[in-house]
Amino acid sequence: MFSAVTVLTVALERNSLYQKAQRDAQSNVTRNFAAISSGLWNFDTTGLKAALQGLTQSGSIIRAEVLNGRQQVASVQREHSDAPDFEWEAPLFGPDGSEKIGTLKISESYKDLRDLFTKNLATELVAELVKIGGMAALLFIIIYSLITRHLQTLAHDVLELKPGAPVGSISLHRRKFHNDELDTLVGSINRFREERAEAEDALQADIAMRKLVEEALQESEARLRSSEERLKLAIDAAKLGIWDWDIERDRLVWDDSMHRLYGIPPGGFGGAFDTWWSYVMREDVTQAQFDLDAALRGEREYSSEFRVQRADGSIRVIRGVAHMIRNSDGTPVRMVGINRDVTDLINAERERDRATEEVQAAQAELAQVARLTTMGELAASIAHEVSQPLAAVVSYGNGALRWLGHVPPDLGEAKAAIEGVVEAGNHAGAVLARIRELVKNRKPEYEALDVNQAIEDVLGLTGGALRARSVLVQSSLSGGLPAVLGDRIQLQQVIMNLAINAADAMESVNDRARVLRIGSKVTAEGLVQVTIADCGTGIEEGIRERIFQPLFTTKSHGMGMGLSICRSIIEAHRGKLWTSPVAPHGTEFKFTVPACNRDSEAA
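Nothing here was measured: the structure is a model prediction, and the numbers come from that model.

Conventions we followed
- Residues numbered from 1 in each chain as written.
- Predicted model: local features only at pLDDT ≥ 70, side-chain atom pairs only at ≥ 80, totals over all residues.
- Heavy atoms only, no water.
- Helix = DSSP H or I, 4+ residues; strand = E, 2+ residues; numbered from the N terminus.
- Contact = heavy atoms within 4.5 Å.
- Areas by Shrake-Rupley, 256 points an atom, 1.4 Å probe, with all protein chains shown as cover.
- pLDDT = per-residue confidence, 0-100.
- Core = buried A, V, L, I, M, F, W, Y, C linked by side-chain atoms within 4.5 Å.
- Buried < 20%, exposed > 50% of the residue type's maximum accessible area, 1.4 Å probe, protein only.
- Pairing = 2+ DSSP bridges.
- Axes fitted to C-alpha atoms, helices over the stretch in contact; angles between N-to-C directions.
- Parallel < 35°, antiparallel > 145°, perpendicular 65-115°, else oblique.
- Left-handed = near helix turned anticlockwise from the far one by under 90°.
- Nonpolar A, V, L, I, M, F, W, Y, C, P; charged D, E, K, R; others polar.
- Expected span 1.5 Å × (residues − 1).
- Arc of directions from axis to C-beta.
- Polar contact = N/O pair within 3.5 Å; in protein donor to acceptor, adjacent residues only side chain to side chain.
- Patch = residues over 30% accessible without salt bridge, like charges linked within 9 Å, V, L, I, M, F, W, Y side chains within 5 Å.
- Salt bridge = Lys/Arg side-chain N within 4 Å of Asp/Glu carboxyl O.
- Lys, Arg positive; Asp, Glu negative; His and termini not counted.
- Charge placed at Lys NZ, Arg CZ, Asp CG, Glu CD.
- Phe/Tyr/Trp six-rings, centres within 6.5 Å; stacked < 30°, edge-to-face > 60°.
- Lys NZ or Arg CZ within 6 Å of the ring centre and 35° of its normal.

A. Broad picture of the overall build of the protein. The number of helices and strands found in the protein is 15 helices and 16 strands. A separation threshold of at least 6 residues defines the contact pool for the protein, and within that pool the share at least 24 residues apart is 59%. Working note: accessible area of the protein is about 36500 Å², and carbon and sulfur atoms make up 56% of it.

What follows is the structure in C-alpha cells.
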C-alpha cells in the first residue's frame, strides 16, 4: 500500500514538476515576450539573441527560435542539450497588437528532472515526504504571517486605486519597518505609482501640446487655402493665364485661367506646343515665332504680343512673358510664363491718346486765343515796330531818287540808299514773319532752339509797348547757353505773357523806376532757367498758387487764363514754372526746361 502510494506520489510529484517546469518556461517567455516582439519589429538581431539567451539560461527551455513565416530570424540553443521532450509555439505581434509579425518556437527538455528522480528515489521520497509534511505546516504559518497577509493587504490597496485619483503612498500594516523584501516591494510600488503619475502628467501635457500644434496646423492650412483663393481671384481679375512648357518632351500645360483666356473648355487644349499656334492670328505667327526663337537662343527673355482668335470668334490681344530654364550646358529644357489679355488696356490707351490729342488741340486753340489777345494789346507797339522800317524804306528811297537826279547821277550814294531800302525791308519782313508765326494756328513743333534768341525776339516785339509804359528792361543772358528741345512759338508766348504781366504789375508804381529784369542761366542740375522779375507791389501769399488756376485773375480786364496756359506749356516741355517774392519790392517768375543733351540722356 505504502509502495503504491509512494510510487503514485513520486509519479504525481514528477508530473507536478514537469507542469511547474512548463509554467516556469511559459512565465519566462511571458516576461521576455515584449522584448522579443520589439526586437523582431525593429529588426534588432542582437537584442533578439540577448532575449533568447535569457530564456535558455535556466529551466527546461533548451532552445528558442524566432521565425518570420518559415524563415528563421534568430535562434539560441543551450550547449550539450538533448532532444526536446516538448515543443510549443507562440505568435508574436506588432506594437499595436493587431498585426502578427512572427512566431516564437520553444523546445523543452525534462532530462534533469528525470535524473533527479532516479537517484535515491525511495530514500529521498520518504525523507521528502516527512520534510514536506513538517515543513508545509511550518511554511504555511510563516509565509502567511510574514508575507501572505501583507500581500493580500497590498493587493487590496492596489485594487482600490482609481484612474485620476490623487497619488498616495501605500504601506504595510505592521508595527515597525523591517527593511526586508516586502518593504522594498512597497517602496518599488510607491515609486512606480509616482513615476506613472508623472508620466501621465507628461502624457497629458504632450497631448495638449499636440492639440495646439494641430490647431495651429489647421489654421495655417486654412490661411494657405485662403491665400490660394485670393491668388486665383487676382489672376482671374488681371486676366492672367499661367503655362508650363516641357521643351524636351514638347508638353505644354495650361491652367484653368489659360483655357478661359483663349475661350476653350477646361481640358480642351491638346498639350502639344504646335497646337497653340492654331489659336494665333496668321498675321502675327511670324513675329511670335521670332520672339520665341530669340528666347530659345538666349538672346533675350521671352516677351511677345500677338492676337488670338477665341472659340467664339472674338479677337483678343495677348501679351506673353516667360522665364527660360536651362541645364548645365545652357540647353533650354523648360519654359514657364504667363499670358495676359491686354485688349481692354490697349483700347483704353488708344482712347486716352485720342482724348490727349483733343485736349492738346483745345489747349493749342486756347493758346492761340491768348496769343491773339496779347497781340491785340501790343497792336500799337507792333505798328511802331513795322512803321519804323517802312519809314526808313521811304526815306532811303527818296534819297536814292535825289542822288540819281544829280547831273551827273551819284551812283555810289544811290547804291548805298538802295541798300538801306533793302535792309529796312528785310527788317520789316522779319517783324511781320514773327507776328505771323505768333498768330498762326498750328500743332507744336519741337526742335532745338536758342532760348536767348527767343527772349530777344520777344523783347523786339514788346520793346515799344514797354517803353510806352516807362518800363526799363535789364537783361542778363548767359553766354554759351545749351539749346533746348521745344516749340519756339509756345516758349515765346510764355516769355511775352510774363513780360506783359510784369509791366502790368508796375502800372501803379510812381515812387521808383519801373525796372523789368530778364535773365537766363544753367542750373546745377543742367536745366536752362529763365527769370522775369518786376519791382511792382507783389502778390499776396494767400493767392500765390491760385494765380496758376484757370479763370483766376487779379486784373479787372483779365481772363484768368494766361498763367494757366503758361504753366501747361512749360509742363508739356517737361519743365516747371513757379513764382516767389523779391525783396524789397516785386515778384519774380522762373521756369526751367531740360537742355537737349539732358533730354536725350533721359530718353
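B. Expanded view of the confidence of the model for the protein. Mean pLDDT over the protein: 76, with 73% of residues reaching 70 or higher. Residue range residues 599-603 is modelled with pLDDT below 50. Its contacts to residues more than four positions away, or to other chains, number three contacts.

C. Broad picture of the nonpolar core. Judged by nonpolar contacts, the single largest core of 41 residues is most densely connected at V451, I495, L498, L516, I532 and F591. The element contributing the most residues to this core is helix 13 (residues 488-505), with nine residues. Aside from chain neighbours lying at most four places away, what touches L498 is I532, L563, L577, F589 and F591. Counting 25 residues, the second largest nonpolar core, distinct from the first, contains M258, L292, A295 and V308.

D. Here's a closer look at the pairing of strand 16 (residues 587-594). With seven of eight residues buried, strand 16 lies mostly within the body of the structure. Judged from the seven bridges that link them, strand 14 (residues 527-533) and strand 16 form a sheet pairing that is antiparallel. Note that in strand 16 the partner of V530 across the bridge is F591. With six bridges joining them, strand 15 (residues 576-581) and strand 16 adopt antiparallel strand pairing.

E. Here's a closer look at the environment of H585. Tracing the backbone through its elements, the reader meets H585 in the loop between strand 15 and strand 16. With relative accessibility at 37%, the residue H585 sits in the partly exposed group. The spacing of H585 and C535 is 50 residues in sequence and 5.0 Å in space, taken between C-alpha atoms. With residues near it in sequence (within four places) discarded, H585 still touches R512, D534, C535 and G536.

F. Highlighting the side chain of N28. Among the structural elements, N28 can be located in helix 1 (residues 2-41). Using a relative accessible area of 12% as the deciding quantity, one classes N28 as buried. Ignoring sequence-local partners within four residues, the contact set of N28 consists of G54 and L55.

G. Inspection of the sheet that holds strand 13 (residues 514-522) at higher detail. Reading across from one edge, 11-13-14-16-15 is the order of the five strands in this open sheet, with mixed pairing throughout. Edge positions in the sheet fall to strand 11 (471-477) and strand 15, since each of these pairs with one other strand and no more. Averaged over all neighbouring strand pairs, the angle between strand axes comes to 15°, with direction disregarded. Of the strand pairs in this sheet, strand 11 and strand 13 are connected by seven bridges, and their pairing is parallel. Across the sheet, L472 pairs through a bridge with V515, a residue of strand 13. Packed on one face of the sheet, helix 14 (residues 562-572) meets strand 15 and strand 16 and runs near 130° to strand 15.

H. Region of the structure containing the packing of helix 12 (residues 451-468) against helix 13. Packing of helix 12 against helix 13 brings their axes to within 9 Å, and their N-to-C directions diverge by 40°. One finds that helix 12 runs oblique with respect to helix 13. Between helix 12 and helix 13 lies a crossing of right-handed hand. The segment helix 12 lies against helix 13, with Q453, A454, I455, D457, V458, L461, T462 and L466 engaging R488, Q492, I495, M496, A499, I500 and A503. Counted by class, the contact of helix 12 with helix 13 contains 10 nonpolar, three polar and two charged residues.

I. A look at the sheet that holds strand 2 (residues 71-77). The sheet built from four strands is open, its strands ordered 2-1-4-3 with antiparallel pairing. Both outer strands of the open sheet, strand 2 and strand 3 (86-93), are each paired with one neighbouring strand and no more. Neighbour to neighbour, the strand axes of the sheet diverge by 20° on average, direction disregarded. Here eight bridges tie strand 3 to strand 4 (residues 100-108), and the two strands are oriented antiparallel to one another. Each bridged residue has a counterpart across the sheet, and for E89 the counterpart in strand 4 is K105.

J. Spatial organisation of helix 8 (residues 282-296). Given a rise of 1.5 Å per residue, 15 residues ought to cover 21 Å, and the 22 Å separating the end C-alpha atoms of helix 8 matches this to within 8%. All buried positions along helix 8 are accounted for by D284, A288, D291, L292, A294 and A295. Buried residues along helix 8 cover an arc of 160° about the axis, so they all sit on one side. Away from its buried face by more than 90 degrees, helix 8 exposes R282 and T286. Against the buried residues of helix 8 lie strand 5 (240-246), helix 7 (273-277), strand 7 (302-309), strand 8 (315-326) and strand 9 (332-341).

K. Expanded view of helix 13. Across its 18 residues, helix 13 extends 26 Å between first and last C-alpha, which sits within 8% of the 26 Å expected from 1.5 Å per residue. In terms of burial, helix 13 is a largely internal element, 15 of the 18 residues being buried. Where helix 13 begins, one side-chain oxygen reaches toward the backbone nitrogen of I489, 3.4 Å away; that side chain belongs to D487.

L. Representation of the pairing of strand 2 in the model. Strand direction decides the pairing type here: strand 1 (residues 61-68) and strand 2, joined by six bridges, are antiparallel. Bridge assignment links E65 to a residue of strand 2, and that residue is S75. Counting the residues between successive antiparallel strands, the hairpin from strand 1 to strand 2 contains two residues, one of them, G69, with a positive phi of roughly 75°.

M. Spatial organisation of a negative patch on the surface. A grouping of E194, E195, E198 and D201 is seen on the molecular surface, where their side chains present a negatively charged patch. Summarising the element assignment, D201 is placed in helix 5 (residues 181-237).

N. Region of interest: the packing of aromatic side chains. Applying the stated criterion across every chain yields a total of six aromatic pairs. Between W243 and Y302, the ring centres sit 6.4 Å apart and the planes meet at 85°, which makes this aromatic pair edge-to-face. Of this pair, W243 sits in strand 5 while Y302 is found in strand 7, placing the two residues 59 residues apart along the sequence. With a relative accessible area of 7%, W243 lands in the buried category. Ring geometry for W254 versus Y262: centroids 4.8 Å apart, planes at 35°, classification tilted. Using a relative accessible area of 9% as the deciding quantity, one classes W254 as buried. In this structure Y262 comes out as buried when scored by relative accessible area, which is 1%. An aromatic cluster is present here, built from W254, Y262 and Y279 joined pairwise through their rings. Its guanidinium or amino end placed over the ring of W578, K576 lies 5.5 Å from that ring's centre, counting from NZ or CZ.

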